[in-house]
Amino acid sequence: MSKDQEILDSITSQEYQWGFESNIDQEIAAIGLSEDTIRFISKKKNEPEWMLEWRLKAFEIWKSMPEPNWQNLEYAPVDFQSISYYAEPKKKTLNSLDELDPEIKATYDKLGIPLEEQKLLAGVAVDAVLDSVSVVTTYKERLAQDGIIFCSFSEAVHEHPELVKKYLGSVVPVADNYFSALNCAVFSDGSFVYIPKGVRCPMELSTYFRINAKNTGQFERTLIIADDHSYVSYLEGCTAPQRDENQLHAAVVELVAMEHAEIKYSTVQNWFPGDKDGKGGIYNFVTKRGACLGNHSKISWTQVETGSAVTWKYPSCILKGDYSVGEFYSVAVTNNFQQADTGTKMIHTGKHTRSRIVSKGISAGKSQNSYRGLVRVNKRAEGARNFSQCDSLLLGDRCGAHTFPYFEILNNSANVEHEATTSKIGEDILFYFRQRGIGEEDAVAMIVNGYAKEVLDQLPMEFAVEAKKLLAISLEGSVG
Amino acid sequence: MLQIKNLHAQIEGKPILKGINLEVKAGTVHAIMGPNGSGKSTLSSVIAGREEYEVTEGEIWFNGVNILELEPEERAREGLFLAFQYPIEIPGVSNANFIKMAVNEVRKHKGLESLSATDFLKLMREKAALVGLKDDFLKRSVNAGFSGGEKKRNEIFQLAMLDPKLSILDETDSGLDIDALRTVAEGVNALKNSENAFLVITHYQRLLDYIVPDVVHVLYDGRIVETGDKNLALKLEDQGYDWVIEKHKQEA
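Here goes a summary of the coordinates provided.

About the criteria used
Residues numbered from 1 in each chain as written. Chains lettered and ligands numbered in written order. Predicted model: local features only at pLDDT ≥ 70, side-chain atom pairs only at ≥ 80, totals over all residues. Heavy atoms only, no water. Buried < 20%, exposed > 50% of the residue type's maximum accessible area, 1.4 Å probe, protein only. Helix = DSSP H or I, 4+ residues; strand = E, 2+ residues; numbered from the N terminus. Pairing = 2+ DSSP bridges. Contact = heavy atoms within 4.5 Å. Buried area = accessible area lost by both parts, 1.4 Å probe. Salt bridge = Lys/Arg side-chain N within 4 Å of Asp/Glu carboxyl O. Nonpolar A, V, L, I, M, F, W, Y, C, P; charged D, E, K, R; others polar. Patch = residues over 30% accessible without salt bridge, like charges linked within 9 Å, V, L, I, M, F, W, Y side chains within 5 Å. Areas by Shrake-Rupley, 256 points an atom, 1.4 Å probe, with all protein chains shown as cover. Core = buried A, V, L, I, M, F, W, Y, C linked by side-chain atoms within 4.5 Å. Expected span 1.5 Å × (residues − 1). Arc of directions from axis to C-beta. Phe/Tyr/Trp six-rings, centres within 6.5 Å; stacked < 30°, edge-to-face > 60°. Lys NZ or Arg CZ within 6 Å of the ring centre and 35° of its normal. Polar contact = N/O pair within 3.5 Å; in protein donor to acceptor, adjacent residues only side chain to side chain. Axes fitted to C-alpha atoms, helices over the stretch in contact; angles between N-to-C directions.

Our next topic: the pairing of strand β4 (residues 221–226) of chain A. Residues and elements named next belong to chain A. Counting buried positions along β4 yields 6 of 6 residues, so the element is predominantly enclosed. Of the two faces of β4, the one lined by Arg 221, Leu 223 and Ile 225 and the one lined by Thr 222, Ile 224 and Ala 226 are each fully buried. Pairing geometry for strand β2 (residues 191–195) and β4, over 4 bridges, is parallel. When the sheet's bridge partners are listed, Ile 195 is paired in β4 with Ala 226.

Next comes the structure, spelled out in structure tokens:
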């Protein structure tokens with residue numbers, strides 16, 4: 001923390017160099033970013049003073065940071081002054097599903113999503129989605145019995161300030177990176193989870209059912225704390241494509257696992273990837289990190305990334321507790337003009353810590369797909385072990401796959417293994433399927449599902465079935 | 001069953017087939033022989049519908065359907081099977097899943113329901129035994145890490161599962177030892193009946209000792225230049241292709 005403090009001090013003493021300041025009418029939803037914007041957001045959310053102070057400090061830090069450019073991505077610069085940071089009043093609703101983009105509607109149908117749920121996902125104005133509401137209520141009652149806290153982040157700021165104060169920014173420091181700093185300043189809402197000592201959460205926790213906090217917007221903030229000997233499996237996102245007006249997303253997720261605790265975090269990301277010509281689409285700059293603080297704790301990330309025009313995401317684990325375990329299972333699909341630079345960091349600081357990385361990249365169309373991963377074994381981390389498997393699958397010959405593995409091994413007792421493969425689905429393979437009566441799209445689905453099986457197997461059952469369909473849909477039209 | 005009329009085809013602008021005429025009737029086995037580069041593999045690729053080859057002239061009729069208008073998978077569902085010279089490896093997709101998908105696509109095309117899991121397993125075991133493949137191969141990825149012989153057996157296994165009307169065996173004998181050759185040939189012979197037909201493409205005569213052809217054609221420079229019975233194959237075995245080349249060089 002002292003280093004952070006140093007940075008903080010140096011930054012706050014600097015001249016304000018960005019010239020962003022402008023007077024914002026308090027009554028109008030702010031376009032652009034300044035201290036006033038942050039005060040406005042905080043006030044709208046009726047936040048306590050400490051929360052506002054924290055945001056303002058983060059804003060000062062963000063202003064001093066350069067935007068990163070080391071990633072293997074090319075995109076038009078984001079104009080941070082043209083974004084509205086408090087979008088709630090502008091939230092557009094549709095009157096019926098007929099107004100929805102027909103392509104999104106077609107995808108809902110292919111995934112077999114019931115009509116009522118389609119309305120919810122598309123943001124159609126409905127009086128109440130009764131089934132879902134009752135599900136939520138039932139969930140909440142059941143969870144409360146075990147003392148589990150599962151609520152929106154805003155609610156947690158009011159109801160559980162001690163926990164929020166203690167852990168917010170403890171895993172991803174404010175100054176960690178440009179986008180996390182931005183998130184700290186302007187985060188909209190998100191989830192908060194606390195699992196008490198010795199409790200095994202009786203159900204998968206899913207943002208999908210956290211109905212009160214839907215439309216959390218582009219700067220989501222999630223904090224999950226698993227106390228000693230507890231267990232939780234958390235599902236983020238949903239296989240259905242989500243309608244979204246915001247182009248920039250910069251979320252932060254922090255996980256904290258105490259002794260013998262286990263957190264399993266699964267994501268299916270399916271934001272709008274842009275059209276076939278590469279126009280539009282979400283920029284997704286996410287910071288996800290878990291800290292295995294306690295001995296024998298475990299954090300496992302599983303992600304299926306199919307959406308967004310640009311993905312910049314490295315769910316990581318800090319393995320501080322002795323014998324703690326970090327896992328990263330990823331399938332990242334890019335098609336058309338999508339770009340993904342994703343991977344993980346496994347930081348071994350505790351003794352006999354273990355990590356496992358399984359990354360499966362799939363590139364199609366004219367897309368670019370990069371794996372970037374760091375395995376670091378610190379001096380004190382006796383007996384650390386890592387296994388990394390990074391596979392790339394290319395569909396056609398106009399796409400790219402790149403692997404950037406980094407290893408920083410400071411302890412000689414470490415055991416680190418890295419395997420990488422690249423394969424290509426070319427005309428020959430497709431012709432073989434077709435000669436047996438199997439059409440191209442079924443062929444691609446079979447190959448991709450076989451290839452991604454090890455990762456899909458990590459997902460909860462229902463999610464896995466949908467994720468398989470999603471992979472096939474994402475790659476439609478990518479061959480031939 | 002199969003009628004090829006004046007077929008011309010080229011790849012990247014280079015003519016390979018220069019007027020093929022061929023008729024194959026149900027219940028017969030035709031062999032296509034010829035020196036290297038005569039167009040044997042091109043012929044099988046064009047019939048199966050490989051898109052790299054451009055048909056510039058001619059027709060291919062298969063059971064009354066002009067198959068040049070069909071996609072490769074549609075041709076397959078109509079009952080056209082190609083046993084590949086170089087079977088493709090497909091990591092991550094098991095033989096069982098692959099063939100199940102293929103069989104169900106063909107059944108769907110015929111208006112039949114999918115086979116039950118039990119019936120399917122029974123059928124797979126029966127056909128695997130026919131070509132001397134052990135059950136555990138079904139769980140392995142398609143052709144991945146298979147020996148040359150196993151790959152060719154797998155082709156005949158798939159043929160047996162799909163029960164096509166016309167099977168084209170493209171150099172199925174290449175890379176096979178004598179035992180595998182015999183197993184493969186026995187498999188084919190067991191599948192032969194009065195309803196189906198085989199087009200056996202080969203450079204050497206030895207496969208034809210086991211799969212006895214009714215008609216033998218010699219392909220040279222993109223045309224069928226000789227047609228005869230099995231004795232033609234024996235003559236080629238004995239004298240090689242030089243006399244064919246000598247005789248037809250002028251035309252080429």
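Structure's up, so let's keep going.
Once that is clear, we can look at the interface of chain A and chain B. Listed by partner, the interface residues are 17 residues for chain A and 30 residues for chain B. Between chain A and chain B lies a buried interface of about 2,100 Å² when both sides are counted; carbon and sulfur atoms form 64% of it. It is Phe 431, Tyr 432 and Arg 436 of chain A in chain A that bury the most area against chain B; as a group they hold 36% of the surface buried on that side. Put simply, Arg 50 of chain B and Asp 428 of chain A hold a salt bridge, and the shortest N to O gap is 2.4 Å. Secondary-structure elements contributing two or more residues to the side of chain A that touches chain B are α10 (427–435) and α11 (440–456) of chain A. The element best represented in the side of chain A that touches chain B is α10 of chain A, accounting for 8 residues. Tallied by class, residues from the side of chain A that touches chain B come to 7 nonpolar, 4 polar and 6 charged.

This part is about unusual backbone geometry. Across residues other than glycine, the phi torsion is negative in most instances, and most of the peptide bonds are trans. Residues and elements named next belong to chain A. The phi dihedral of His 296 falls on the positive side, at around 60 degrees, and the residue is not glycine. Here His 296 lies in the loop between β9 (283–292) and β10 (298–305). Taking the relative accessible area as the measure of exposure, His 296 reaches 38% and is therefore partly exposed.

Attention shifts here to the sheet that holds strand β3 (residues 205–206) of chain A. All names here are of chain A. Spatially, the 8 strands line up as an open sheet ordered β3-β5-β8-β10-β13-β15-β17-β19, and their pairing is parallel. Every other strand in the sheet has two partners, leaving β3 and β19 (415–425) as the edge strands with one partner each. Bridging between β10 and strand β13 (residues 325–334) involves 8 bridges; their strand directions are parallel. Within β13, the residue paired with Trp 301 across the bridge is Phe 328.

All names here are of chain A. On the surface, Phe 407, Ile 409 and Val 416 cluster together into a nonpolar patch covering about 210 Å² of accessible area. Relative to the helices and strands, Val 416 resides in strand β19. For Val 416, a relative accessible area of 30% corresponds to the partly exposed category.

Moving on: the nonpolar core. One finds Ile 47 and Phe 157 of chain B to be the most contacted residues of the largest nonpolar core, which totals 113 residues. Looking at this core, the element that brings in the most residues is α11 of chain A, giving 9 residues. In this structure Ile 47 of chain B touches Leu 2, Ile 4, Ile 60, Ile 67, Arg 75, Leu 80, Ile 168 and Leu 199 of chain B, once residues within four positions along its chain are discounted. Core analysis: the next-biggest nonpolar cluster, separate from the first, contains 54 residues, Phe 59, Tyr 75, Val 78 and Val 310 of chain A among them.

The next point concerns helix α4 (residues 117–130) of chain B. All names here are of chain B. Along its 14 residues, α4 runs 20 Å from first to last C-alpha, staying within 8% of the 20 Å computed at 1.5 Å per residue. Within the sequence span of α4, burial applies to Phe 120, Met 124, Lys 127 and Ala 128. Seen from one end, α4 has its buried residues packed into an arc of 105 degrees, which puts them on one side. Of the exposed residues in α4, the ones pointing more than 90 degrees away from its buried face are Thr 118, Lys 122 and Ala 129. The secondary structure elements touched by the buried residues of α4 are α3 (95–109) and α5 (148–162).

This brings us to the pairing of strand β5 (residues 231–237) of chain A. Residues and elements named next belong to chain A. Burial analysis of β5 places 7 of its 7 residues in the buried class, the great majority of the element. Of the pairings in the sheet, the one linking β3 to β5 comprises 2 bridges and is parallel in character. When the bridges of β5 are listed, Leu 205 appears paired with Tyr 234. As judged from the 7 bridges shared by β5 and strand β8 (residues 262–269), these two strands associate in the parallel manner. Across the sheet, Glu 236 pairs through a bridge with Thr 267, a residue of β8.

Here the focus is the packing of aromatic side chains. Residues and elements named next belong to chain A. The full count for this structure, using the stated rule, is 20 aromatic pairs over all chains. Ring geometry for Phe 179 against Phe 285: centres 4.1 Å apart, planes inclined by 10 degrees, an arrangement best described as stacked. Separated by 106 residues along the polypeptide, Phe 179 in helix α9 (residues 178–186) and Phe 285 in strand β9 bring together distant segments of the chain. Looking at Phe 179, the relative accessible area reads 1%, which means it is buried. The lysine or arginine in question, Arg 55, covers the ring of Phe 187, its NZ or CZ lying 4.0 Å from the ring centre.

With respect to the helices and strands, Glu 155 of chain B occurs in helix α5. Within the structure, the side chain of Glu 155 of chain B is placed 2.4 Å from the side chain of Tyr 432 of chain A, a separation counted as a polar contact. Non-local contacts of Glu 155 of chain B, meaning those with residues more than four positions away in its chain, are made with Tyr 432 and Arg 436 of chain A together with Phe 81, Leu 82, Ala 83, Phe 84, Pro 87 and Asn 143 of chain B.

A few words now on the environment of Asp 238 of chain B. Positionally, Asp 238 of chain B belongs in helix α8 (residues 230–239). Along the backbone, Asp 238 of chain B and Gln 205 of chain B are 33 residues apart, and their C-alpha atoms lie at a distance of 9.5 Å.

Relative to the assigned elements, Pro 72 of chain B resides in helix α2 (residues 72–77). Linking Pro 72 of chain B and Arg 50 of chain B, residues 22 residues apart in sequence, is a C-alpha distance of 7.1 Å. Contact partners of Pro 72 of chain B, with chain neighbours within four places excluded, come to Phe 431 and Arg 434 of chain A together with Ala 48, Gly 49 and Glu 51 of chain B.

Now for the side chain of Thr 287 of chain A. Positionally, Thr 287 of chain A belongs in strand β9. Given a relative accessible area of 6%, Thr 287 of chain A falls into the buried group.

One pass over the structure, following the stated rule, counts 33 salt bridges over all chains. A salt bridge links Glu 254 of chain A to Arg 221 of chain A, with the shortest nitrogen-to-oxygen separation between them at 2.8 Å. Taken together, the positions of Glu 254 of chain A in strand β7 (residues 252–257) and Arg 221 of chain A in strand β4 put the pair 33 residues apart, joining distant regions of the chain. Arg 221 of chain A matches Glu 254 of chain A in its accessibility class, with the two residues each being buried. Residue Glu 105 of chain B is joined to Lys 108 of chain B by a salt bridge in which the shortest nitrogen-to-oxygen separation is 3.6 Å. Placement of both Glu 105 of chain B and Lys 108 of chain B in helix α3 is noted, with a separation of 3 residues, approximately one turn of the helix. When its relative accessible area of 9% is taken as the criterion, Glu 105 of chain B is described as buried. Shared partners join several salt bridges into a network, and the residues in it are Arg 434 and Glu 440 of chain A together with Glu 51, Glu 71 and Glu 73 of chain B.

Residue and element names in this part refer to chain B. Taken together, the 6 strands give an open sheet; going across it, the order is β6-β9-β10-β3-β11-β12, and neighbouring strands pair in mixed fashion. This sheet does not close on itself; its edge strands, each paired only once, are β6 (80–83) and β12 (223–228). Shown here is a sheet whose adjacent strand axes are inclined to one another by a mean of 20 degrees, direction ignored. Examined bridge by bridge, strand β9 (residues 166–170) and strand β10 (residues 197–201) share 5 bridges and lie parallel to one another. When the bridges of β10 are listed, Asp 170 appears paired with Ile 201. The strands touched by α8 within the sheet are β3 (29–33), β11 (215–220) and β12, with β11 carrying the most contacts at an inclination of about 45 degrees.

Remember, this is a structural readout, not a statement about activity or role.
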